[in-house]
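Commentary on secondary and tertiary structure
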Amino acid sequence: MLIPAMVIAFAITTSLIVALRPVARAIGLVDRPGGRKRHEGEVPIIGGVGMYAGLFAAMVLLQASVPSIATLFAACSILVIVGVVDDRYHVPTFVRFAAQIAVVLIMVYGAGLPLASIGDPFGTGEIVMGRFTLIFTVLVTLSMINAYNMIDGLDGLAGSLALITLGCVAIVGGGAAATEIALVAAAAIIGFLVFNLPAKANSQFKTFMGDAGSTVLGLLVVWTTLTAINGSGQAISPVHCLWFASVPIYDLFTCFVRRALRGRSPLQPARDHFHHTLRRGSLSNWQVLITLGGLQLLYAVIGLTAHFANVPDVTMFTLWALVGCTQWWIIKRTAMRSRVAVFRSRSS
């Protein structure tokens, strides 16, 4: 039933995005250019709703192998509702965080998916969270939800990065639930990307996912990963999973650190994300997407290779942290080289 479910997820997502376009314009659920937003024209923000509908229409076929479908539906519903309202009217930050915390409680107590151990990242033995399990799970989940939300600033970027991560989870497995949720979600994302990739062919049907989509992507990444981690015999170490979502995590922490050093609130929106830096370096939307997507694919391959080769957690965490510390330099260097190349080509 997996292949039919994936087809349904793709078909429902694409169909609903087309059907909701006039509705979005009628109720003002559109993104208008201005300020930090550089796109052209009003763009409907219905991609998140389309993916949400496609995902759960397909999951109906997989109820037998995905026992946590009801709790996943409840958690995603909260994020979609709050996201749509935020996309249209903007809601206070504390409301968004309250909704996200509620979602974590559903995931932990409803689906039984806590992050109780982080493996052996320091070579001192397995680190078990114990009484701090819930707090740690909340912090990790909120970080991932907002990492995908914050990196959703370029056509095709958040969806493509989530697609790579979910593909890794599907490869690792850990049970039918993790694999099937990841693959069905991937099919829904592909349906959305048809309307979101930076291509002339879809310019008349351009669609954004909005907060309703980006926050759900972050949750799906955490949910499927924890399903694999908590699967029979622990399918994969949490340390290796860090590599599957490296780019959003690096982007989140780089922005937080740079804003804090400047005396600004880490939660205040700004044009200091990786994709902003690359765009200022004269890279096109496609070039930025290929650059960041290529980096994420490389990191994902490293994580998968380490997993199947049984590379120790301490080695992979040390390497992951070192790469993270150089990520901003890599992005800035890439932007500078592009800017110089463009300047030379125009001067010649």
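The preceding data block contains the structure.
In this text, all values refer to a predicted model and were calculated from it rather than measured experimentally. (Residues numbered from 1 in each chain as written. Predicted model: local features only at pLDDT ≥ 70, side-chain atom pairs only at ≥ 80, totals over all residues. Heavy atoms only, no water.)

Bringing unusual backbone geometry into the picture now. For Ser282, which is not glycine, the phi torsion reads 75 degrees and is therefore positive. As for its placement among the helices and strands, Ser282 is situated in the loop between α11 (274-280) and α12 (285-308). For Ser282, a relative accessible area of 35% corresponds to the partly exposed category. The phi angle at Asn310 is positive, at roughly 60 degrees, despite the residue not being glycine. Here Asn310 lies in the loop between α12 and α13 (313-347). Residue class for Asn310 comes out exposed when judged on its relative accessible area of 64%. (Helix = DSSP H or I, 4+ residues; strand = E, 2+ residues; numbered from the N terminus. Buried < 20%, exposed > 50% of the residue type's maximum accessible area, 1.4 Å probe, protein only.)

Moving on, we get to a nonpolar patch on the surface. Together, Phe10, Ile190 and Val194 give the surface a local cluster of nonpolar side chains, amounting to about 230 Å² of exposed area. Summarising the element assignment, Ile190 is placed in helix α7 (residues 176-193). You can call Ile190 partly exposed: its relative accessible area is 40%. (Patch = residues over 30% accessible without salt bridge, like charges linked within 9 Å, V, L, I, M, F, W, Y side chains within 5 Å. Areas by Shrake-Rupley, 256 points an atom, 1.4 Å probe, with all protein chains shown as cover. Salt bridge = Lys/Arg side-chain N within 4 Å of Asp/Glu carboxyl O.)

Here we come to the pattern of salt bridges. In total, this model carries 4 salt bridges according to the counting rule given. The residue Asp86 makes a salt bridge to Arg96 at a minimum N-O spacing of 3.8 Å. Here Asp86 is found in helix α3 (residues 69-89), whereas its partner Arg96 is found in helix α4 (residues 93-110), with 10 residues between them in sequence. Residue classification places Asp86 among the buried residues on the basis of a relative accessible area of 5%. The exposure class assigned to Arg96 is partly exposed, which follows from its relative accessible area of 27%.

Along the polypeptide, Asp211 turns up in helix α8 (residues 210-229). Here Asp211 sits buried without a salt bridge, and the closest side chain of opposite charge, Arg96, lies 5.1 Å off (N-O distance). For Asp211, the side chain forms a polar contact with the side chain of Asn149, separated by 2.7 Å. Not counting residues up to four positions away in its chain, the partners in contact with Asp211 are Gly83, Asp86, Asp87 and Asn149. (Lys, Arg positive; Asp, Glu negative; His and termini not counted. Polar contact = N/O pair within 3.5 Å; in protein donor to acceptor, adjacent residues only side chain to side chain. Contact = heavy atoms within 4.5 Å.)

Considering the arrangement of structural elements, one finds Ala53 in helix α2 (residues 47-59). The exposure class assigned to Ala53 is partly exposed, which follows from its relative accessible area of 23%. Considering only alpha carbons, one finds Ala53 and Leu295, 242 residues apart in sequence, at a separation of 30 Å. Not counting residues up to four positions away in its chain, the partners in contact with Ala53 are Ile12 and Leu16.

With that settled, consider the nonpolar core. Judged by nonpolar contacts, the single largest core of 94 residues is most densely connected at Met59, Leu219 and Leu292. A total of 11 residues in this core trace back to one element, the largest contributor, which is α8. Once residues lying within four places of it in the same chain are set aside, the contact partners of Met59 are Val66, Ile69, Ile181 and Val184. (Core = buried A, V, L, I, M, F, W, Y, C linked by side-chain atoms within 4.5 Å.)

Turning next to helix α10 (residues 246-261). Between its terminal C-alpha atoms α10 stretches 22 Å, which fits the 22 Å expected from 16 residues at 1.5 Å a residue. Ser246, Val247, Pro248, Ile249, Tyr250, Asp251, Leu252, Thr254, Cys255, Arg258 and Arg259 are the residues of α10 that are buried. Two residues or fewer past α10, Gly263 is found with a positive phi of approximately 75 degrees. (Expected span 1.5 Å × (residues − 1).)

As a further point, take helix α1 (residues 2-27). Between its terminal C-alpha atoms α1 stretches 36 Å, which fits the 38 Å expected from 26 residues at 1.5 Å a residue. Largest kink in α1: about 40 degrees, centred on Leu20, with the proline Pro22 one to four residues after it. Along α1, the residues that are buried comprise Ala5, Ala9, Thr13, Thr14, Ile17, Arg21 and Ala24. Buried residues along α1 sit in contact with β1 (30-31), β2 (43-44), α2 and α7. Taken from the residues just after α1, Gly28 is the one with a positive phi, measuring 80 degrees. (Bend = angle between axes of the 7 residues up to and from the residue.)

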